[in-house]
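# Structural characterization, general
Listed here are the chains, written in short residue letters.
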Amino acid sequence: KHASKIKLEGFNVGESRKRDKSDRATREQVLDPRTRMILYQLLNRDIISEINGVISTGKEANVYHAVVLPDDALPAHRAVKVYKTAILAFKDRSRYVNGDYRFNKGGYNKGNGRSIVQVWAEKEFRNLKRIHSIGIPCPEPLYLRQNVLVMGFVGDKKGHAAPRLRDVTFSALGPEEEEQKYKDLYVQLLTYMRIMYHSCRLVHGDLSEYNVLYHEDKLIMIDVSQSVEHDHPRSLEFLRVDIKNVSDFFRSHNVEVLSERNIFKFITGE
Ligand code: ADP
Ligand code: MN
């Protein structure tokens, strides 16, 4: 049987507690003991076999590349999104919640903060399930445990993650073909937004060229922890912002975008 491995950058840093400010970037990658325990459990249970390195370090989550080597199937790549626990992720936000008794009751740094993170992870997992089951391209949600979400990896066979729409270049194409390409992708994205609205009853809520990957000529929806249902009081407001972001991006690539009003009608209309 293969040996389970973790080769995470900063994985052991938590044990040597570095406190100087200059080391902040490293410290933010530190995994707390509970998160490390969950990763070890995933390794032991062959949900993943190796964690290789970080794909993305964000304010609220890190995404790691992992590999699973099943006994009875081909090896496969995985993406593991680790939501940062409250103490680290909400450090900069503490001033927003410190005056709020709901967050301070029982200690903001202890129980409550952590459960907020777990709720987010769970929301992302459930939203992904809904989006995936309807057939909109998105990572396949595979496993959730507290603040750790294991999903299908979007990228090539060598383990290179797919680029974000923001970072795609069609350098091999001539200018006209490139323009056509963006037109096609624009239509593709609007169609996904419409299906997501009607069939999943969800509004993405943080949609932009940063939260869409491009892989094998398709757009892949990611980062849906904040996606909301229709009955959320602000869902249509969020949808308008999503529409604006999408319009701005494609306009900047010379696509003649529809009016935001008409896109809104297209997405929400019967
Ligand atoms: P954040 O909350 O940090 O923005 P995201 O869900 O947007 O988290 O993921 C951050 C980045 O990680 C993405 O921009 C993408 O590059 C990469 N990523 C996320 N999920 C996957 C995946 N399933 N496969 C490959 N790369 C991914
Ligand atoms: Mn994101």
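A few points on the structure. Note that this is a predicted model, so its numbers are computed, not measured.

About the thresholds
- Residues numbered from 1 in each chain as written.
- Chains lettered and ligands numbered in written order.
- Predicted model: local features only at pLDDT ≥ 70, side-chain atom pairs only at ≥ 80, totals over all residues.
- Heavy atoms only, no water.
- Near = heavy atom within 4 Å.
- Polar contact = N/O pair within 3.5 Å; in protein donor to acceptor, adjacent residues only side chain to side chain.
- Areas by Shrake-Rupley, 256 points an atom, 1.4 Å probe, with all protein chains shown as cover.
- Nonpolar A, V, L, I, M, F, W, Y, C, P; charged D, E, K, R; others polar.
- Domains from an automatic or database assignment.
- Salt bridge = Lys/Arg side-chain N within 4 Å of Asp/Glu carboxyl O.
- Helix = DSSP H or I, 4+ residues; strand = E, 2+ residues; numbered from the N terminus.
- Buried < 20%, exposed > 50% of the residue type's maximum accessible area, 1.4 Å probe, protein only.
- Phe/Tyr/Trp six-rings, centres within 6.5 Å; stacked < 30°, edge-to-face > 60°.
- Core = buried A, V, L, I, M, F, W, Y, C linked by side-chain atoms within 4.5 Å.
- Contact = heavy atoms within 4.5 Å.
- Patch = residues over 30% accessible without salt bridge, like charges linked within 9 Å, V, L, I, M, F, W, Y side chains within 5 Å.
- Lys, Arg positive; Asp, Glu negative; His and termini not counted.
- Charge placed at Lys NZ, Arg CZ, Asp CG, Glu CD.
- Expected span 1.5 Å × (residues − 1).
- Arc of directions from axis to C-beta.
- Donors = N, O, S within 2.8 Å, 3.2 Å for Na, K, Ca; no water.
- Axes fitted to C-alpha atoms, helices over the stretch in contact; angles between N-to-C directions.
- Parallel < 35°, antiparallel > 145°, perpendicular 65-115°, else oblique.

So, about the site of ligand 1. Residues in close proximity to ligand 1 total 19 residues, the closest being K81, G152, V154, N211 and D223. Note that an oxygen atom of ligand 1 is positioned 2.7 Å from one of the side-chain N or O atoms of K81. In this structure, N211 approaches ligand 1 through a side-chain N or O atom, which is 3.1 Å from an oxygen atom. Taken by itself ligand 1 offers 540 Å² of open surface, and the protein chains cover 87% of this. Grouping the constituent residues of the shell around ligand 1 by class yields twelve nonpolar, four polar and three charged. Viewed by domain, the shell around ligand 1 spans two of them, domain 1 (5-152) and domain 2 (165-268), each represented by three or more residues.

Right, let's talk about the pattern of salt bridges for a bit. Under the defined criterion, the tally for this structure stands at ten salt bridges. Across the pair K181 and D217 runs a salt bridge whose closest N-O atoms are separated by 2.5 Å. Within this pair, whereas K181 is found in helix α7 (residues 175-198), its partner D217 is found in the loop between β8 (212-215) and β9 (218-221), the two being separated by 36 residues in sequence. Of the charged contacts, one joins D248 and K244 as a salt bridge, the two residues approaching to 2.7 Å between their closest N and O atoms. A residue pair is termed a helical-turn pair when its members lie 3 or 4 positions apart in one helix, as D248 and K244 do in helix α8 (residues 235-251) at four residues. A residue is classified by how much of its surface remains accessible, and D248, at 30% relative accessible area, is partly exposed. Several salt bridges share partner residues, and in doing so they unite K81, E124 and D223 into one network.

Tallying each qualifying case throughout the model produces six aromatic pairs. Between the aromatic rings of Y186 and F250, the centroid separation amounts to 5.2 Å while the plane-to-plane angle is 50°, which identifies the pairing as tilted. Here the residue Y186 occupies a position in helix α7, and F250 occupies one in helix α8, the gap between them amounting to 64 residues. An identical accessibility class is assigned to Y186 and F250; each is buried. The structure contains a cluster of three or more aromatic residues connected by ring pairs, namely F170, Y182, Y186, Y214, F249 and F250.

On to the nonpolar core. Grouped together as the largest cluster of nonpolar side chains are 45 residues, with contacts concentrated most on M193, M221 and F250. Two domains each provide a minimum of three residues to this core, namely domain 1 (5-152) and domain 2 (165-268). Residues within four places of F250 in sequence aside, it is in contact with L165, Y182, L185, Y186, L189, V255 and V257. One finds L31, I47, Y64 and A66 within the second-largest nonpolar core, a separate group that totals 15 residues.

Turning next to a negative patch on the surface. Side chains of E176, E177, E179 and E256 sit close together on the surface and give a patch of like negative charge. Note on placement: E176 falls in helix α7. Take E176: its relative accessible area is 70%, and that puts it in the exposed class.

You can see L43 is positioned in helix α2 (residues 33-44). Taking the relative accessible area as the measure of exposure, L43 reaches 3% and is therefore buried. Along the primary structure L43 and V68 are separated by 25 residues, whereas in three dimensions their C-alpha atoms are 8.9 Å apart.

A separate point is α8. Taking 1.5 Å of rise per residue, 17 residues should cover 24 Å, and α8 covers 24 Å from first to last C-alpha, within 8% of that figure. Within the span of α8, buried status applies to S235, L239, D242, I243, V246, S247, F249 and F250. An end-on view of α8 places all buried positions within 165° of arc, on one side of the element. Next to the buried residues of α8 lie α7, β7 (202-203), β10 (228-229) and α9 (260-268).

With that out of the way, let us pick up the coordination of the manganese ion (ligand 2). Each angle at a metal carrying four tetrahedral donors should ideally be 109.5 degrees, and each at a metal carrying six octahedral donors should ideally be 90 or 180 degrees. Those donors, N211 (OD1) and D223 (OD), are the protein atoms that reach the manganese ion (ligand 2), and they lie 2.1 to 2.2 Å from it. Of this pair, N211 sits in the loop between β7 and β8 while D223 sits in the loop between β9 and β10; the two residues are twelve residues apart in sequence, bridging distant segments of the chain.

Moving on to the packing of α7 against α9. Interhelical geometry of α7 versus α9 gives an angle of 50° and a closest axis separation of 8 Å. It follows from the interaxial angle that α7 and α9 lie oblique. Contacts between α7 and α9 involve Y186, L190, T191, M193, R194, Y197 and H198 from the former and I263, F266, I267 and T268 from the latter. Classifying every residue of the contact of α7 with α9 gives seven nonpolar, three polar and one charged.

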